[in-house]
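Architecture at a glance
Here are the chains, one letter per residue:
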Amino acid sequence: MTPRPVLQQRLQLLKQHHDELESFFLGIESDVEAAYRTYKVTGIAMDIVADVLVALVSLVDAGYKIAVLGETEVSKMSFAISTLQFAYSPIRAVLQKLSNPAIQPGMIQPDLTGIRNAAATVLGIIGNVLAPSYWARVMANIETGHWKTAFTRNPEQEIWQVQMALKQQRAASLEKMEAQINKLEGELGMPLTFYVCKA
């Protein structure tokens, strides 16, 4: 039987990481919306936005993997979340530049290498866990190159699908962690925390 202090520490960590992961997802959703809606996407800028969104798909998948990791290895979640935030830094920098109409696309292009390197690093560290099925089409199309073409032709439709998938990914990840939190609270004889999913 696991000692009570160990369960209490695990519960505290899960709650902390739940809030960190929620902030991570909400930050991505906000930055994507701001960048896409305030920047007139034409020419090379369209390619940049597509590349950034491909990286975001990989990172939110990693966010889900962190939630799964909490089921067995809570102690590793802090490092995994820090790695995720590190990988998001160059992406956020590009998104913020895209939100500024005074920034020319050519000024953003060099940042894409940093995005690819950081995304590869975080995925390698967090490991391979199956992602929810609603990413399947996007991931398959990314691997074949079809998604970027589709985004270039119909960005409104593609951005809407990505935004909806981001919300679904956030809900699935947080619900998984909330179930773990409630389970521990039950084992400790504590009142269950009630969470409300943010739209």
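So, here's what we can say about the structure. (Residues numbered from 1 in each chain as written. Predicted model: local features only at pLDDT ≥ 70, side-chain atom pairs only at ≥ 80, totals over all residues. Heavy atoms only, no water.)

1. Overview of the nonpolar core
Formed by 43 residues in total, the largest nonpolar core has its most connected members in Ile-28, Val-52, Leu-56, Tyr-88 and Ile-91. Sorting the residues of this core by element identifies α1 (4-38), α2 (44-69), α3 (77-98), α4 (111-126) and α7 (155-187) as the ones contributing at least two each. Examining the composition of this core, we find that twelve residues originate from one element, α2, more than from any other. Once you skip the residues sitting within four places of it in the chain, Leu-56 turns out to touch Ile-28, Val-32, Tyr-88, Ile-91 and Leu-95. (Core = buried A, V, L, I, M, F, W, Y, C linked by side-chain atoms within 4.5 Å. Buried < 20%, exposed > 50% of the residue type's maximum accessible area, 1.4 Å probe, protein only. Helix = DSSP H or I, 4+ residues; strand = E, 2+ residues; numbered from the N terminus. Contact = heavy atoms within 4.5 Å.)

2. Some remarks on α3
Over its 22 residues, α3 runs 31 Å from end to end, which matches the ideal 32 Å to within 8%, given 1.5 Å per residue. Along α3, the sharpest kink reaches roughly 35°, centred on Ser-89 and followed within four residues by the proline Pro-90. Along α3, the residues that are buried comprise Met-77, Ala-80, Ile-81, Thr-83, Leu-84, Ala-87, Tyr-88, Ile-91, Val-94, Leu-95 and Leu-98. (Expected span 1.5 Å × (residues − 1). Bend = angle between axes of the 7 residues up to and from the residue.)

3. A word on the environment of Arg-170
Note on placement: Arg-170 falls in helix α7. The exposure class assigned to Arg-170 is buried, which follows from its relative accessible area of 1%. On a C-alpha basis, the gap between Arg-170 and Ser-23 in space is 9.9 Å, while along the polypeptide they are 147 residues apart.

4. A closer look at the packing of aromatic side chains
Inspection of every chain in the model, using the stated rule, returns two aromatic pairs. Between Phe-24 and Phe-25 the ring centres are 5.6 Å apart and the planes differ by 65°, which places this aromatic pair in the edge-to-face class. Overall, the relative accessible area of 1% leaves Phe-25 in the buried class. When the centroid spacing of 5.6 Å and the interplanar angle of 75° are considered together, the rings of Phe-24 and Tyr-88 count as edge-to-face. Of this pair, Phe-24 sits in helix α1 while Tyr-88 is found in helix α3, placing the two residues 64 residues apart along the sequence. No difference in accessibility class separates Phe-24 from Tyr-88, as the two residues are buried. Grouping aromatic residues by their ring pairs yields a cluster made of Phe-24, Phe-25 and Tyr-88. (Phe/Tyr/Trp six-rings, centres within 6.5 Å; stacked < 30°, edge-to-face > 60°.)

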